[in-house]
Every structure is written in C-alpha cells, then in structure tokens.
Amino acid sequence: MEGGAYGAGKAGGAFDPYTLVRQPHTILRVVSWVFSIVVFGSIVNEGYLNSPLESEEFCIYNRNPNACGYGVTVGVLAFLTCLLYLALDVYFPQISSVKDRKKAVLSDIGVSAFWAFLWFVGFCFLANQWQVSEPKDNPLNEGTDAARAAIAFSFFSIFTWSLTAALAVRRFKDLTFQEEYNTLFPASAQP
C-alpha cells in the first residue's frame, strides 16, 4: 500500500514544502486566495465614487452599498478561509488518525462548496447591479475596469472553489479506502 497518500502510515513525516506546493488543492487554494484579493481590493480601491454634487461617496454598482459591501465581505472572508485551509494543508500530514483526517476533509468539502455558492451569488449580484447602473452616475467611467475585474474574478472563484470541493471529495474517497484497507489488513497497515 505504498501509493496511499492519506493514510495514517504517512502521518508524522517531515514537512516537505515542495510536495505541499505541488498538490492541486494547494494550488487551487492559492489561486482562490489571489482571486479574493483582487475582488475585495478592486472594490475597496475603486468601487466607490465621488460626485461633485454630493458630499458622500456611492457604490459604483448602481449606487447600491449592499453590492459593494457583499463583494468586500465575501472577498475578505474568502481570503481568511483560504489562509485557514492552507494552514490545515500544512498540518494535514501530521494528523495520524484517519477519523480526524476524515473530519478535516469533510469540513473542506462543506466549506469549499459553500464558498462556491457564495461566489455564485456574488457574481450574479454584482453583474446585475453593474448592468442596471446608470451611465449618468459615472460620466467619466472612473473605476469601471476595477468593477469589471471584481465581477470577472467572482466568476472565476466559482470554479476554483468548486474544483477545490471536488478534489476534497476525491481525498475523502481515498481516506475511506485507506480506513477500510487498514481494517481488513491490520498487519500490513503497521510499518
């Protein structure tokens, strides 16, 4: 059973950053992390406009502060979630219990699917509010590239989080196989 990458027999080894960086779920997490930075950074930097006729700033997305607030909130929370699960990916090889590994992977499945849904809602919300925005509110087209970037990277985030969930499902199947193998062949599970 040398090919098993998720069993307790692999736990406790030395930390290998090269192996961590090459794993697809780690790459997707880093990409999702960058996408979340782009979304909330675009909205925070150029998502609010000033009008010479008004004293307060307004959101570039149809003057709807909820659109900007949703984009920033989801972006920041996704940023923090990516950091949390990157830390879990670093710690994962040190977890010796298959049951604890299963819990970690199950949480990864749920959280990744939840974030894919939140990004889908965010993409739809931002795209809709951008579509119905009045050109008279932004006659100089200030911040339009940033607004479009936030929409585009919200869309891309749907796929990165969905793929992360799919990879977590595959990891869960590998863990379940490893647990069944250790139950059927307890002597060969020992190093």
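Procedures and definitions
Residues numbered from 1 in each chain as written. Predicted model: local features only at pLDDT ≥ 70, side-chain atom pairs only at ≥ 80, totals over all residues. Heavy atoms only, no water. UniProt positions renumbered as here; feature names shortened; annotations may be inferred. Helix = DSSP H or I, 4+ residues; strand = E, 2+ residues; numbered from the N terminus. Salt bridge = Lys/Arg side-chain N within 4 Å of Asp/Glu carboxyl O. Buried < 20%, exposed > 50% of the residue type's maximum accessible area, 1.4 Å probe, protein only. Patch = residues over 30% accessible without salt bridge, like charges linked within 9 Å, V, L, I, M, F, W, Y side chains within 5 Å. Areas by Shrake-Rupley, 256 points an atom, 1.4 Å probe, with all protein chains shown as cover. Expected span 1.5 Å × (residues − 1). Polar contact = N/O pair within 3.5 Å; in protein donor to acceptor, adjacent residues only side chain to side chain. Contact = heavy atoms within 4.5 Å. pLDDT = per-residue confidence, 0-100. Disulfide = S-S within 2.5 Å.

## Topic: the UniProt feature "transmembrane region" (unreviewed entry) in the chain
- Per the UniProt record, "transmembrane region" (unreviewed entry) is annotated on residues 30–49, 69–88, 109–130 and 150–169.
- Along residues 150–169 one finds 100% helix and 0% strand; the C-alpha atoms at either end are 28 Å apart.

## What to know about the pattern of salt bridges
- All chains considered together, the criterion is met by four salt bridges.
- Where Arg29 meets Asp89, a salt bridge forms, and the shortest distance between an N and an O atom there is 2.7 Å. With Arg29 in helix α2 (residues 24–46) and Asp89 in helix α3 (residues 65–91), this residue pair connects regions lying 60 residues apart in the sequence.
- In this structure, Arg148 engages Asp145 in a salt bridge whose closest nitrogen and oxygen atoms are separated by 3.9 Å. With a gap of three residues between them, Arg148 and Asp145 both fall in helix α5 (residues 144–184), about one helical turn apart.
- Of the residues examined, Arg148 reaches a relative accessible area of 47% and is grouped as partly exposed.
- By sharing partners, the salt bridges in this structure join Arg29, Asp89, Asp108 and Arg171 into a single network.

## Digging into a nonpolar patch on the surface
- Taken together, the side chains of Val76, Leu77, Leu80 and Leu83 make up a nonpolar region of the molecular surface, amounting to roughly 300 Å² of accessible area.
- Judged by relative accessible area, which is 42%, Leu77 ranks as partly exposed.

## Some remarks on α3
- For α3, with 27 residues, the first-to-last C-alpha span of 39 Å sits near the 39 Å given by 1.5 Å per residue.
- Capping the start of α3, Asn64 holds a side-chain oxygen 2.9 Å from the backbone nitrogen of Asn66, two or three residues further along.

## A closer look at the environment of Trp161
- Its location among the elements puts Trp161 in helix α5.
- In this structure Trp161 touches Ser32, Ala78, Thr81, Cys82, Ser112, Trp115, Ala116 and Trp119, once residues within four positions along its chain are discounted.

## Observations concerning the confidence of the model for the chain
- For the chain, the mean per-residue pLDDT works out to 86, and 85% of the residues sit at or above 70.
- Confidence over residues 1–9 falls short of pLDDT 50; this stretch has 17 contacts with residues more than four positions distant or in other chains.

## Considering the state of the cysteines
- A complete count under the given rule lists one disulfide for this structure.
- At a sulfur-sulfur separation of 1.9 Å, the disulfide partner of Cys59 is Cys68. Disulfide Cys59-Cys68: torsion about the S-S bond near 85°, hence right-handed. As far as burial versus exposure is concerned, Cys59 and Cys68 are alike and both buried.

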